[in-house]
There are 2 protein chains.
Amino acid sequence: MSFVARTSWQNVRDRVHGLILDGTYRPGDKLPRDEDLAAELGCARTTLHRAMRALADTGIIERRRKGGTTVRTDPVTRATLDIPVTRLEVEARGFTYGYHLLERTETVPPALISAALKMLKPHRMLRVQALHLADGRTYLLEDRWVSLQTVPEIAQVDLSTQSANEWLVRNRPVSHYDIRISAHSCDVKEAQLIGAQEGQAVLVVERMTWTNDAPITHVRATNSPGFHLMASSRS
Amino acid sequence: MSFVARTSWQNVRDRVHGLILDGTYRPGDKLPRDEDLAAELGCARTTLHRAMRALADTGIIERRRKGGTTVRTDPVTRATLDIPVTRLEVEARGFTYGYHLLERTETVPPALISAALKMLKPHRMLRVQALHLADGRTYLLEDRWVSLQTVPEIAQVDLSTQSANEWLVRNRPVSHYDIRISAHSCDVKEAQLIGAQEGQAVLVVERMTWTNDAPITHVRATNSPGFHLMASSRS
DNA sequence: TTTATTAATATGTAGCTACATAATATTGTC
DNA sequence: GACAATATTATGTAGCTACATATTAATAAA
């Protein structure tokens, strides 16, 4: 914003953003058409287009063919959330990563799981419950369901030493996913596992992944108390 | 992914993504250089570049000048989180929106707030505590601090009928922001305000906004029980 | 006045050339 | 062999032309 970007299109983007920030163009206002604005700012329409698309992506402006470009009146706070692989996250914080398998079963999942994965008809899945450790202390409790129909090979994988996620990311790349973030009061068992008090609030992150509409996995990650997620505006 | 995109660059993006999904290129593998891959897929380098940049943005591949393009081995789950203005969110769910001011004071904020806003030296701020209602029932408890140095005019605004956010979005566009998501066990007072049991887990979303490094506001939104955030992979 | 058709227009995309930039490879020197 | 200088190379950007597409605006038909 205040600094001068190296490349031209970023420079143009910041200048247009600046015109919005300083009130030259206010929420609801219409911006000049690309060709005119480009001439005004001394760049090609291509370059301005690149800049405008970036601003549209971050939710600052809205562009419509023929309708032109307007400053959004309902600026959604569009943040980018990066959820890394747990092992890397733990190691990045300078801890030694550990993994401990709690239970492994094969059964038909409850309706809540099959519905979340948009499964047409429920089928047998592999359920894996495990702990992720940081310097020996519980970092995260994982409750995972893996589709034995989409990923039959997982049944033969040894999950006592490595997380199912580690195997999945290199063998079943996902095409798309959903994430659900909620708060949860942990019960006696969970409290004991993640080192919390009974009833203490913890952040729960659920993730559903698919490969071409075929369900891969549903993971429910119960974080230890005090854990929080950070997100920020895209540059 | 499985569907055919209308535009060429989206089509190319999906085809390259497909080569990763079907295992032609696996995590850690190097993709052909743009020129060759473009020739192989029958498009211009410009078009392939557009497609590759999209894949790089979503965290699927990694591109480095001279170094080439590689499939990421540590695929971060990069999700887009849209946090709308509360009033619009409530109305979108078909409820009647209501707003109720609880308290309004002017004071120097605690260190936690000024630190979160990266304030060099603490200065007086306007504190506003208010309730957002959906069909008369509490939807969200807001605890906001607004910088009287960056936004002195806010002192004259009537905040008994409209949310401070409504005024801010049209008068002080933000240049960047941070978001913090955590779980919280609500105390007696909070429980009573948002209609929860004491100690019940609720999702807390904190947001810090700036305009050119000058702090605008710090909001702590305590959601009612059961509230959750949804995010998903970028198309 | 209403409705269907047609024209006008702003943004979106495809491909081109040319050059910039950041890394990596190579070469030369000590 | 170690290190600095130089060449090479893959991606990144700027600008161009031409055309596509979605919508609005204008016009004609009912």
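Residues numbered from 1 in each chain as written. Chains lettered and ligands numbered in written order. Predicted model: local features only at pLDDT ≥ 70, side-chain atom pairs only at ≥ 80, totals over all residues.

**A word on the overall build of chain A**
Link 1 in the chain: For chain A, the count of helices and strands is seven helices and 11 strands.
Link 2 in the chain: The globule rule puts the C-alpha radius of gyration for 235 residues at 18 Å, and the 24 Å found for chain A is more than 25% above it.
Link 3 in the chain: For chain A, the spread of C-alpha atoms along the principal axes amounts to about 65 × 40 × 30 Å.
Link 4 in the chain: By the burial criterion, 33% of the 235 residues in chain A qualify as buried.
Link 5 in the chain: Relative to all contacts within chain A whose residues are 6 or more apart in sequence, the contacts with residues 24 or more apart total 59%. (Helix = DSSP H or I, 4+ residues; strand = E, 2+ residues; numbered from the N terminus. Rg over C-alpha atoms; globule rule 2.2 N^0.38 Å. Buried ≥ 20, exposed ≤ 12 C-beta atoms within 10 Å, placed from the backbone. Contact = placed C-beta atoms within 7 Å.)

**As for the protein's contact with DNA strand C**
Link 1 in the chain: In the neighbourhood of DNA strand C, 22 residues make up the surrounding shell, with Arg 33 and Asp 34 of chain A together with Ser 8, Trp 9 and Ala 44 of chain B lying closest.
Link 2 in the chain: Those elements giving two or more residues to the surface near DNA strand C turn out to be helix 3 (45–57) and strand 3 (68–71) of chain A together with helix 1 (8–21) and helix 3 (45–57) of chain B.
Link 3 in the chain: Here the surface near DNA strand C is built from residues that sort into four nonpolar, eight polar and 10 charged. (Near = placed C-beta within 6 Å. Nonpolar A, V, L, I, M, F, W, Y, C, P; charged D, E, K, R; others polar.)

**Here we look at the packing of helix 1 of chain B against helix 3 of chain B**
Residue and element names in this part refer to chain B.
Link 1 in the chain: Packing of helix 1 against helix 3 brings their axes to within 8 Å, and their N-to-C directions diverge by 60°. The angle between helix 1 and helix 3 falls in the class oblique. Note on packing geometry: the crossing formed by helix 1 with helix 3 is right-handed. Taken together, the residues of helix 3 that come into contact with helix 1 (itself represented by Ser 8, Trp 9, Val 12, Arg 13, Val 16 and His 17) are Thr 47, Leu 48, Arg 50, Ala 51, Ala 54 and Leu 55. (Axes fitted to C-alpha atoms, helices over the stretch in contact; angles between N-to-C directions. Parallel < 35°, antiparallel > 145°, perpendicular 65-115°, else oblique. Left-handed = near helix turned anticlockwise from the far one by under 90°.)

**So, the environment of Leu 21 of chain B**
Link 1 in the chain: Considering the arrangement of structural elements, one finds Leu 21 of chain B in helix 1.
Link 2 in the chain: With residues near it in sequence (within four places) discarded, Leu 21 of chain B still touches Pro 173, Ser 175 and Thr 211 of chain A.

**Regarding the sheet that holds strand 1 (residues 30–31) of chain A**
Residues and elements named next belong to chain A.
Link 1 in the chain: Pairing within the open sheet is antiparallel, and its three strands lie in the order 1-3-2. Each having just a single partner strand, strand 1 and strand 2 (61–64) make up the two edges of the open sheet.
Link 2 in the chain: Pairing geometry for strand 2 and strand 3, over four bridges, is antiparallel. Bridge pairing in strand 3 places Ile 61 opposite Val 71. (Pairing = 2+ DSSP bridges.)

**Observations regarding the pairing of strand 5 (residues 125–134) of chain B**
Residues and elements named next belong to chain B.
Link 1 in the chain: The pairing of strand 4 (residues 97–107) with strand 5 spans 10 bridges and is classified as antiparallel. Each residue of the ladder has a partner; that of Arg 104, found in strand 5, is Val 128.
Link 2 in the chain: Remark: two residues form the turn of the hairpin made by strand 5 and strand 6 (residues 137–147), two consecutive strands paired antiparallel; Asp 135 in that turn has positive phi of roughly 55°.

**Let's talk about the interface of chain B and chain A**
Link 1 in the chain: Contact residues are listed per partner, giving 48 residues for chain B and 48 residues for chain A.
Link 2 in the chain: Elements supplying a minimum of two residues to the side of chain B that touches chain A: helix 1, strand 3 (77–83), helix 6 (164–171), strand 7 (176–185), strand 8 (201–211) and strand 10 (228–233) of chain B.
Link 3 in the chain: When residues of the side of chain B that touches chain A are assigned to their parent elements, the largest contribution, 10 residues, is made by strand 7 of chain B.
Link 4 in the chain: Of the residues that constitute the side of chain B that touches chain A, the class distribution is 24 nonpolar, 15 polar and nine charged.

**Side note on the nonpolar core**
Link 1 in the chain: With 40 residues, the main nonpolar core has Ala 183 and Val 202 of chain A together with Ala 183 and Val 202 of chain B as its most contacted residues.
Link 2 in the chain: Elements with a minimum of two residues in this core: strand 4 (77–83), strand 7 (137–147), strand 8 (176–185) and strand 9 (201–211) of chain A together with strand 3, strand 6, strand 7 and strand 8 of chain B. (Core = buried A, V, L, I, M, F, W, Y, C linked by C-beta atoms within 7 Å.)

**Observations regarding the relation of the copies chain B and chain A**
Link 1 in the chain: Structural alignment of chain B on chain A gives an RMSD of 0.1 Å, achieved by rotating through 180° and translating 0.0 Å along the axis. This pairing of chains is accounted for by a two-fold axis.
Link 2 in the chain: Comparing interface residues between copies, 100% of those in chain B also lie at the interface in chain A; the contact surface is shared. (Least-squares fit on C-alpha atoms with pLDDT ≥ 70 in both.)

**Points about the pairing of strand 2 (residues 68–71) of chain B**
Link 1 in the chain: In strand 2 of chain B, alternate side chains face the same way, and those of Thr 69 and Val 71 of chain B are buried while those of Gly 68 and Thr 70 of chain B on the opposite face are not.
Link 2 in the chain: Between the end of strand 1 (residues 61–64) of chain B and the start of strand 2 of chain B, which pair antiparallel, lie three residues, with Lys 66 of chain B showing a positive phi angle near 70°.

**Comments concerning the packing of helix 2 (residues 34–41) of chain A against helix 3 of chain A**
All names here are of chain A.
Link 1 in the chain: In contact at an axis separation of 9 Å, helix 2 and helix 3 are set at 105° when each is read in the N-to-C sense. The orientation of helix 2 relative to helix 3 falls into the category roughly perpendicular. Two secondary-structure elements touch here, helix 2 through Asp 34, Glu 35, Leu 37, Ala 38 and Leu 41 and helix 3 through Arg 45, Leu 48, His 49 and Met 52.
Link 2 in the chain: Partitioning the contact of helix 2 with helix 3 into residue classes produces five nonpolar, one polar and three charged.

**Observations concerning the environment of Leu 168 of chain A**
Link 1 in the chain: In this structure, Leu 168 of chain A sits in helix 6 (residues 164–171).
Link 2 in the chain: C-alpha separation for the pair Leu 168 of chain A and Pro 109 of chain A, spaced 59 residues apart in sequence, amounts to 19 Å.

**Some words on helix 3 of chain B**
All names here are of chain B.
Link 1 in the chain: Look at helix 3: 18 Å from first C-alpha to last across 13 residues, which is about the 18 Å you get at 1.5 Å a residue.
Link 2 in the chain: Of all the positions in helix 3, only Leu 48, Ala 51, Met 52, Ala 54 and Leu 55 are classed as buried. An end-on view of helix 3 places all buried positions within 155° of arc, on one side of the element.
Link 3 in the chain: Contacts from the buried residues of helix 3 go to helix 1, helix 2 (34–41), strand 1 and strand 2.
Link 4 in the chain: Among the residues trailing helix 3, Gly 59 stands out with phi positive, at a value near 85°. (Expected span 1.5 Å × (residues − 1). Arc of directions from axis to C-beta.)

**Brief notes about the environment of Arg 234 of chain B**
Residue and element names in this part refer to chain B.
Link 1 in the chain: In this structure, Arg 234 sits in the segment after strand 10.
Link 2 in the chain: For Arg 234 and Leu 55, which are 179 residues apart along the polypeptide, the C-alpha to C-alpha distance reads 9.9 Å.
Link 3 in the chain: Residue contacts for Arg 234: discarding those within four places in its chain leaves Thr 58 and Thr 80.

**Here we look at helix 1 (residues 8–21) of chain A**
All names here are of chain A.
Link 1 in the chain: Here helix 1 contains 14 residues, and its C-alpha end-to-end distance of 19 Å stays within 8% of the 20 Å for a straight helix at 1.5 Å per residue.
Link 2 in the chain: Along helix 1, the positions that sit buried rather than exposed are Val 12, Arg 13, Asp 14, Val 16 and Ile 20.
Link 3 in the chain: Looking at the buried residues of helix 1, the elements they touch are helix 2, helix 3 and strand 3.

**Description of the confidence of the model for chain A**
Link 1 in the chain: Averaged over every residue, the pLDDT of chain A is 92; residues scoring 70 or more account for 97%.
Link 2 in the chain: Ignoring residues within four places in sequence, the model shows residues 1–5 of chain A, a span with pLDDT below 50, making 11 contacts including any to other chains. (pLDDT = per-residue confidence, 0-100.)

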